[in-house]
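Results of the structural survey
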Amino acid sequence: MPAALLALAISAFGIGTTEFVIMGLLPEVAGDFGVSIPSAGLLISGYALGVVVGAPLLTALASRVPRKTVLVGLMVLFIAGNVVSALAPTYGLLMTGRVVAALSHGAFFGVGAVVAASLVAPARQASAIAMMFTGLTVANVLGVPAGTALGQALGWRSTFWAVSVLGVLGLIGILALVPAQATTQSAGLRSELAVFRRPQVWLALAMTALGFAGVFASFTYIAPMMTEVAGFSSGAVTWLLVLFGAGLFVGNLLGGKAADRSLMPSLYVILAALAAVLVVFVFTAHAQLPAAITIAVFGAAGFATVAPLQARVMDKAEGAPALASAANIAAFNLGNAGGAWLGGKAIDAGLGYTAPNWIGAALALAGLLVAVVSGMLDHGRRKARRAELAPAA
């Protein structure tokens, strides 16, 4: 793999760490600013909203700018947001810093996926995208636990300073290793927006939103599920999350390789496997060893979807993939929020802490249904094309 992918992965590691590490620092942040835990939790929602807004907006505004320049600018914005967060004297300014950092998130992964794919032969593009997203998976395995420990030992501001340093390292790597790339869209923003006239682009975005809603319907409530149902201590949850993160890492790489061999069949299998694992999790959550094993498999199935889903939307947005790629990152985050909300509704309805697994399985199956419809449209188009090319009888 090209060295430039390492620079993209380092940047992704920093972005992934800052997104999720706040979850482990909510008590410290709430105590420092004198706000409630739910109010501090809005820092997570604010970040997600920043991703959803920033992904298509910044990518669209930068449609005529060389992609390396875009990546450099996004990393500068990311660093600035984390520095503001580290220095924030008030809760409101901390929220501002979080949103500023989030604005770069979706656009970075959207444009970065296009750049990563351009660095390798077409047959290896999904694996290249997966390599970049490896930074995000490693952030869950190492960055978030380490950042949480650092913030608890030295204060939550130290975590944001550390993430700022990671951003600087990623920026240096991009400047040094990513080759200069001019935009390929002669029509700029109009060319990018035109891809949203294609039904297959919307089907790809729907696959992403539904598939990842299935993941987060369950994952959001993994802690109470493990402590209240499986009987783990609260201290064991950290190690269970590391186990989940290890599954993410493996699944991400396997999903990329599978998609390189056969994209749509891989998506069918992965989404079906995700639904099956979540159904199994309803029952294995009641015993510690089966629950721990299922968590690792769940992580692998969940993140095996990422590279194929990103590759699918880029394939269907051929000719102007950057904005659609960034919109897909927004779709991931919409899925995160929607799945978490539906899982919470199931718990509030008194269905128990394993009920989100049923919700997640249903959402994954809905994503599979959309994938099948999309695949059938592909098949019908190929069949029509062959008929057009066939010699007249």
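Higher on the page you've got the structure.
The sections below set out a description of the structure shown in this document. Here, residues in each chain are numbered from 1, in the same order as that chain's written sequence. Thresholds applied to this predicted model are a pLDDT of at least 70 for local features of residues and 80 or more for the giving and counting of side-chain atom pairs; totals over whole chains, interfaces and linings are not thresholded and use all residues. Computation of side-chain values covers all heavy atoms of the structure but excludes hydrogens and water.

1. Looking at the overall build of the protein chain
As a reminder of what qualifies: Only runs of H or I of at least four residues qualify as helices and only runs of E of at least two qualify as strands under DSSP, and these elements are numbered from the N terminus. For the radius of gyration, the atoms used are the C-alpha atoms, and the globule rule reads 2.2 Å times the number of residues raised to 0.38. Any residue under 20% of the maximum accessible area for its type is buried, any over 50% is exposed, and the rest in between are partly exposed; the area is computed with a 1.4 Å probe on protein chains only. In this description, contact between two residues means that some pair of their heavy atoms is separated by no more than 4.5 Å. Counted charges follow a simple rule, with Lys and Arg positive, Asp and Glu negative, and His plus the chain ends left uncounted. In plain terms, the charge of a residue is placed at NZ if it is Lys, CZ if Arg, CG if Asp and CD if Glu.
Counting its regular elements, the protein chain contains 16 helices and 0 strands. Here the C-alpha radius of gyration of the protein chain, 21 Å, is about what a compact globule of 393 residues would show, namely 21 Å. Across its three principal directions, the C-alpha atoms of the protein chain cover 75 × 45 × 35 Å. Residues classed as buried in the protein chain amount to 54% of the 393 residues present. Nonlocal contacts in the protein chain, meaning residues at least 24 apart in sequence, comprise 84% of its contacts between residues at least 6 apart. Between the mean site of the 19 positive side-chain charges and the mean site of the 11 negative ones, the protein chain shows a separation of 12 Å.

2. Points about helix H7 (residues 156-177)
Where we set the bar: To estimate the expected span of a helix, subtract one from its residue number and multiply by 1.5 Å.
The end-to-end C-alpha distance of H7 is 32 Å, a good match for the 32 Å that 22 residues give at a rise of 1.5 Å each. Burial in H7 covers these residues: Trp156, Ser158, Thr159, Phe160, Val163, Ser164, Gly167, Gly170, Leu171, Gly173 and Ile174. Looking at the buried residues of H7, the elements they touch are helix H1 (4-20), helix H2 (26-33), helix H4 (67-87), helix H5 (91-118) and helix H6 (125-154).

3. So, the packing of aromatic side chains
Heads up, the rule is: When two rings of Phe, Tyr or Trp (its six-membered ring) have centres within 6.5 Å they constitute a pair, described as stacked for plane angles under 30 degrees, edge-to-face for angles over 60, and tilted for the intermediate range.
Going through the model one piece at a time under the given rule, you end up with 12 aromatic pairs. Residues Phe283 and Trp358 carry aromatic rings whose centres are separated by 6.2 Å and whose planes lie at 85° to one another, so their mutual orientation is edge-to-face. Separated by 75 residues along the polypeptide, Phe283 in helix H12 (residues 263-284) and Trp358 in helix H16 (residues 355-389) bring together distant segments of the chain. For Phe283, a relative accessible area of 56% corresponds to the exposed category. Ring pairs connect the aromatic residues Phe212, Phe216, Phe219, Phe244, Phe281, Phe298, Phe303 and Phe332, which therefore count as one cluster.

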